[in-house]
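# Structural overview for review
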4 protein chains.
Amino acid sequence: MTAGAPPLHSEEAEPEATMTRREPNPIRSDIAWSTRDRITVRGRDLPGQILGHMNLGDFAFLQLTGREATPQQSAVFNAMVITLVEHGMTPSAIAARMTYAGAPEALQAAVAAGLCGLGSVFVGSMEDAARLLSEALPPGQDHSGADLQAIARDKVAAYRQAGRILPGIGHPIHKPVDPRAPRLFEIAAENGMAGPYVALMQAIAAEAERVYGRSLPVNATGAIGAICCEFGFPWRIVRGFGVMARAIGLVGHLLEEGERPMAREIWLRVEDEASAHLRPE
Amino acid sequence: MTAGAPPLHSEEAEPEATMTRREPNPIRSDIAWSTRDRITVRGRDLPGQILGHMNLGDFAFLQLTGREATPQQSAVFNAMVITLVEHGMTPSAIAARMTYAGAPEALQAAVAAGLCGLGSVFVGSMEDAARLLSEALPPGQDHSGADLQAIARDKVAAYRQAGRILPGIGHPIHKPVDPRAPRLFEIAAENGMAGPYVALMQAIAAEAERVYGRSLPVNATGAIGAICCEFGFPWRIVRGFGVMARAIGLVGHLLEEGERPMAREIWLRVEDEASAHLRPE
Amino acid sequence: MTAGAPPLHSEEAEPEATMTRREPNPIRSDIAWSTRDRITVRGRDLPGQILGHMNLGDFAFLQLTGREATPQQSAVFNAMVITLVEHGMTPSAIAARMTYAGAPEALQAAVAAGLCGLGSVFVGSMEDAARLLSEALPPGQDHSGADLQAIARDKVAAYRQAGRILPGIGHPIHKPVDPRAPRLFEIAAENGMAGPYVALMQAIAAEAERVYGRSLPVNATGAIGAICCEFGFPWRIVRGFGVMARAIGLVGHLLEEGERPMAREIWLRVEDEASAHLRPE
Amino acid sequence: MTAGAPPLHSEEAEPEATMTRREPNPIRSDIAWSTRDRITVRGRDLPGQILGHMNLGDFAFLQLTGREATPQQSAVFNAMVITLVEHGMTPSAIAARMTYAGAPEALQAAVAAGLCGLGSVFVGSMEDAARLLSEALPPGQDHSGADLQAIARDKVAAYRQAGRILPGIGHPIHKPVDPRAPRLFEIAAENGMAGPYVALMQAIAAEAERVYGRSLPVNATGAIGAICCEFGFPWRIVRGFGVMARAIGLVGHLLEEGERPMAREIWLRVEDEASAHLRPE
């Protein structure tokens, strides 16, 4: 409110430019450029150095980080993103299908509708896990001497005291073990990427099992959160992985909806039931 | 994580229904119903009791609350929502226009794109003001004996100590006074709706001016936050008023974009400037 | 591809600006402006001339047309837009509720998701009716001598021959008559706005009934399409009325979803049933 | 309107279920299922058969088609989708960045806003090319004896007569040749996928050059449209490839926006210029 107001701080933050002459600031992006005969993304010639040389996952890594994935990074990154593509008939998939039923000429809007719900409830757990881990072991520092057991004890105790849900562990369905988590950790280990964040995530699960007295293994969101930290990705980007992966999954759902629709049937059932108590005999 | 998991708690929260027989819960809505010859919204016959008898603002009030607005409520509610319709060439309007340029056949998607950005930065201040006020004076209680000056002192001190921005006061452009705020308070007063929340908002502004030593009058978001509390609306709904109002404003922008486009020009300028540093001579 | 390429003509239409020096074109909007002490929308002072003087429907008319509604226009416009606000548990409402379940912190995104489906299937009929009528009786001309019966005969025959659905007539539920249509026509007539477009819509319905041998009265979309033409609105804007009205309705649904959720139950039922045929015993 | 009404045919298509008892139809999806200890997508065990064994492009192919890509299909599909990921500072990227500036806490909504504009203008050319080709050479038939020159002559003449833009050829920037097209065709040829659709697209470009008397080589959208037809994908899905690819690109733009923002600067410039003609001295 006072000095140092953030760039866009309220509905009311109409630009001061409307008042006084303002010096324009530069607009700059480092992602891509093109000329009459060249198209370049992240410094690589698209036709010559990328097409035919990379798979989609590796190109996503390049687009997001500006770096080419090593073979090890490629293996782990592809596995991690693939895990996020498809989760069955989620609320997100249902929203996309309902939207497609109303506007089949605008498939992009149906995918957009499906993505809009990837918020705190659905990708939050993954984001929260990455955040917890990266706050415990700040990126860019040496954590070889960290006492992971002690950190795990502190974190579990703090979450318990605050009545907060510990992200990344336990699962309502996949019991005793979410089979994706050990597989992702296995792939990480095979590629030399099972470091302190993976170890801390596992230590937290073990400590939570001890404290709560029941099976609470690391689930897929915990595994992905930990692996993101191993890559050095900031926790805020984790949601982006879910969003880009799910876009692929939603296109698959819309293709199926076009061939074997369910949206109208869901609509009819819901409409019929929801207001039955209001309609006169 | 433990007992009492929230309804949808993570990406991983696939329904337990996939495991065991589940008793279905009822699906119920009280908003509207129709039969062969009747269409009813919020218990009123749409053709007979609503069309021709209400204006759009009053019908919005009915749709949202289930109650008909009194003449006083109608005057204040219409003024409040109208204030939120149009704010010039906002990021939201630019996003809608850019989207329309790519998909002019899907106007609904362009409005949707414009709405997607009405988040913490743009409607947050209004939401935060309503939240601050309703937490200070919990709804449904008698606040006639409340010491508003003391509450204002506490709140300003608490926000200052936490380094947080006080919502609803000050303005980067409209100085010394955002002209909407006194007008909204005037309309509220004329209609008997300038109660304890309006008074508290003003007390907070006065206290902030005293503490920070500069002019910090209530702005439009503060006025709207206070008036929402006078209505008894929960603070979570305040964002919804902004969203529904802005949808009207965005349709106006898209109409203008169809007749006098600016999206392509913005695009060309940004594209040209953003990657100029990368392109070879 | 050849001379006269449209402004944005393909995925590939990167701006020629990347190639040669380009003279910038002006960016201009006539909707609103503000200064230190004034906020003006469509040439009216917002605090002084609009707040407290207009209802939301009249302000929407001003925002969209740049003109103030006459009392007659106000009556008809408010009724028309109100008709579009709420239609019960539509696919659009279900999409919004599913989205809200995943991202309750982003109510704006849930409304956006609901709007994304207002496409050819749902608002198409209204848009098509307005288009049919405005092509038959071009706006801005004198239609007092038009032979509406002959036009109706031609249109019904042409649609029948092409196997196309005539927009604006008949209704799967509301039989024999959609009660909104006669009421909207009544309000139009009371306000001197039941002109040639309303008459042509009715003539088309009568001719269709004669040709198809069954009851096919004008429905609400036909009535709204005709009234839009009476206002002189271009048919492309008709969808915008539906979008802005439905935004209000969707906020109502999300409020209810927050208090009495149904999204999770719909999800559980769909998830359980959809893949039951795949799951092993 | 008459017999055989489409499933959802108008705003007014409230379900007949509100009237009479209706037999529910089944809801069915073949994409994925899970149980306590298994997660299966398209018939493959996700942890055991997919993670660590596929790259993201190949998994997208599986998700969309239900089939595993051959090595040849993998090479061509990955190249095709990668081509669509990133196009610099497009209107779509600007819309996403403007949205992110208003709601940084809802990254998914910013991606959704960016996707909403992938409509007729931006992905239309690719979709149109695939449609033109698949209508000329219906999928599932033997086209070995087709006279591609004659088809090209007919198509070019027909588009010219109708004043329509031929999709997939020419380019406003990349002259004389869009470098992506020959590279994609090269990759297709190397993998045995340069069949009749690729040949027809090239014949159309040659014929158009002859008729219009200037250089009009196949561009990237033409190459992608042709390759989609070689895969046997229906033309309606082509837009989906663009949408899922661009979701990846948009996440990259939002990451950059978070680190080096441009949205506020674009906003300030546009706001300042757009209403300058209205503001008093």
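Residues numbered from 1 in each chain as written. Chains lettered and ligands numbered in written order. Predicted model: local features only at pLDDT ≥ 70, side-chain atom pairs only at ≥ 80, totals over all residues. Heavy atoms only, no water.

Heads up, the rule is: UniProt positions are given in the numbering used here, feature names are shortened, and annotations may be inferred rather than shown by experiment.
The name given to chain A in an unreviewed UniProt entry is citrate synthase (unknown stereospecificity), and the organism recorded there is Caldovatus sediminis. According to UniProt, the comment filed for chain A under the heading Sequence similarities (unreviewed entry) is "Belongs to the citrate synthase family."

### Remarks on the overall build of chain A
Put simply, the rule is: What counts as a helix is a DSSP run of H or I of at least four residues, what counts as a strand is a run of E of at least two, and both are numbered from the N terminus. Exposure classes here rest on a 1.4 Å probe applied to the protein chains alone. A residue is buried below 20% of its type maximum, exposed above 50%, and partly exposed in between. Any two residues whose heavy atoms approach within 4.5 Å are treated as being in contact. Computed by Shrake-Rupley with a 1.4 Å probe, the accessible areas treat only the displayed protein chains as cover when residues are assessed. Neither His nor the chain termini are counted; the positive set is Lys and Arg, and the negative set is Asp and Glu. Just so you know, the charge point we use is NZ for Lys, CZ for Arg, CG for Asp and CD for Glu.
Per the secondary structure count, chain A includes 12 helices and three strands. Dimensions of chain A along its principal axes, counting C-alpha atoms only, are 65 × 60 × 55 Å. Counting every position in chain A, which comprises 281 residues, the buried fraction comes to 64%. Of the contacts formed within chain A by residues at least 6 apart in sequence, a portion of 71% connects residues at least 24 apart. A total of about 9800 Å² of accessible surface is found on chain A, and carbon and sulfur atoms cover 48% of it. Counting 26 positive and 32 negative side-chain charges, chain A places the centres of these two groups 3 Å from one another.

### Looking at the interface of chain B and chain D
Quick note on the threshold: The term buried area denotes the loss of accessible surface (1.4 Å probe radius) that occurs when two parts are joined, taken as the sum for both partners. We define a salt bridge as a contact between a side-chain nitrogen of Lys or Arg and a carboxyl oxygen of Asp or Glu at a distance within 4 Å. Here a polar contact is taken to be a pair of N or O atoms separated by no more than 3.5 Å, where protein atoms must pair a possible hydrogen donor with a possible acceptor and residues adjacent in sequence count only if both atoms sit in side chains. Three categories are distinguished: nonpolar for Ala, Val, Leu, Ile, Met, Phe, Trp, Tyr, Cys and Pro, charged for Asp, Glu, Lys and Arg, and polar for the others, with Gly belonging to the last.
Taken together, the 36 residues of chain B in the interface contact 36 residues of chain D. With both sides pooled, the region where chain B packs onto chain D buries about 2900 Å², and carbon together with sulfur makes up 66% of that total. The tally of links from chain B across to chain D stands at two salt bridges. Taken together, the connections running from chain B to chain D amount to 10 residue pairs in polar contact (both at pLDDT 80 or more). Only α4 (91-102), α5 (107-116) and α12 (263-274) of chain B provide two or more residues apiece to the side of chain B that touches chain D. Taken together, the residues of the side of chain B that touches chain D break down into 19 nonpolar, 10 polar and seven charged.

### Side note on the interface of chain B and chain C
Of the residues lining the interface, 97 residues belong to chain B; the matching set on chain C comes to 97 residues. Buried area between chain B and chain C, summed over both chains or domains, comes out near 8300 Å², and the portion from carbon and sulfur atoms is 67%. Of all residues in chain B, L56, I82 and Q108 of chain B bury the most surface against chain C, accounting for 8% of the area lost on that side. The interface formed by chain B and chain C contains four salt bridges. With a closest N to O distance of 3.0 Å, R260 of chain C and D30 of chain B form a salt bridge.

### Considering the pattern of salt bridges
Where charged atoms from two side chains of opposite charge come close, those side chains can pair. Across all of its chains, the model carries 59 salt bridges over all chains by this definition. Across the pair R183 of chain C and E186 of chain C runs a salt bridge, and its minimum N-O distance is 2.7 Å. Separated by three residues within a single helix, R183 of chain C and E186 of chain C lie in helix α8 (residues 180-190), roughly one turn from each other. R183 of chain C sits in the buried class, given a relative accessible area of 14%. Each of the salt bridges in this network shares a partner with another, and the network as a whole consists of R28 and D30 of chain A together with R97, E256, E257 and R260 of chain D.

### Topic: the environment of T65 of chain D
Within the element layout of this structure, T65 of chain D appears in helix α2 (residues 56-65). Between the C-alpha atoms of T65 of chain D and Y100 of chain D, which are 35 residues apart in sequence, the distance is 33 Å.

### Overview of the relation of the copies chain B and chain D
Heads up, the rule is: We superpose the copies by least squares over the C-alpha atoms of residues that have a pLDDT of at least 70 in both of them.
Of the transformation placing chain B onto chain D, the axial shift is 0.0 Å and the rotation is 180°, giving an RMSD of 0.0 Å. Put plainly, the chains are arranged around a two-fold axis. Most of the interface of chain B is mirrored in chain D, where 100% of its interface residues again form contacts.

### Thoughts on the relation of the copies chain B and chain C
Expressed as a screw transformation, the operator carrying chain B onto chain C has a rotation angle of 180° and an axial translation of 0.0 Å, and the superposed copies differ by an RMSD of 0.0 Å. Comparing interface residues between copies, 100% of those in chain B also lie at the interface in chain C; the contact surface is shared.

### Looking at the domain arrangement of chain A
All names here are of chain A. What counts is decided by this rule: By convention here, the domain bounds are inherited from an automatic or database domain assignment.
Structurally, chain A comprises domain 1 (31-69) and domain 2 (70-281). Taking the mean C-alpha position of each, domain 1 and domain 2 sit 28 Å from one another. Together domain 1 and domain 2 conceal approximately 750 Å² of surface at their shared face, both sides included; 67% is due to carbon and sulfur atoms. Ranking the residues of domain 1 by area buried against domain 2 places F61, L64 and A69 at the top, with a combined share of 55%. Across the contact surface, domain 1 and domain 2 share zero salt bridges. Across the contact surface, domain 1 and domain 2 share two residue pairs in polar contact (both at pLDDT 80 or more). Split into classes, the residues belonging to the side of domain 1 that touches domain 2 amount to five nonpolar, three polar and three charged.

### Overview of the confidence of the model for chain A
In plain terms, the rule: Per residue, pLDDT measures the predictor's confidence, with a range of 0 to 100.
In the predicted model, chain A carries a mean pLDDT of 91, and the fraction of residues at 70 or more is 92%. Every residue in residues 1-19 of chain A is under pLDDT 50, and counting partners more than four places away or in other chains gives 64 contacts.

### Topic: the packing of aromatic side chains
Where we set the bar: Working definition: a ring pair exists when centres of Phe, Tyr or Trp rings (six-membered ring for Trp) sit within 6.5 Å. Plane angles under 30 degrees give stacked, over 60 give edge-to-face, the rest tilted. Throughout this description, the term charge over a ring refers to an Arg CZ or Lys NZ atom that lies within 6 Å of the ring centre and within 35 degrees of the ring normal.
Within this structure, the stated rule accounts for 36 aromatic pairs over all chains. Aromatic pair F233 of chain A and F241 of chain A: ring centres 4.9 Å apart, planes at 65°, arrangement edge-to-face. Classification of F241 of chain A by relative accessible area gives buried; the value is 0%. Summarising the aromatic geometry, the rings of F231 of chain C and F233 of chain C are spaced 5.1 Å apart at their centres and angled 25° between planes, so their arrangement reads as stacked. Pair check on accessibility: F231 of chain C and F233 of chain C agree, each one buried. Through a chain of ring-to-ring contacts, the aromatic side chains of F61, F77, F231, F233 and F241 of chain A assemble into a single cluster. When the ring centre of Y212 of chain A is taken as reference, the NZ or CZ atom of R160 of chain A above it lies at 4.9 Å.

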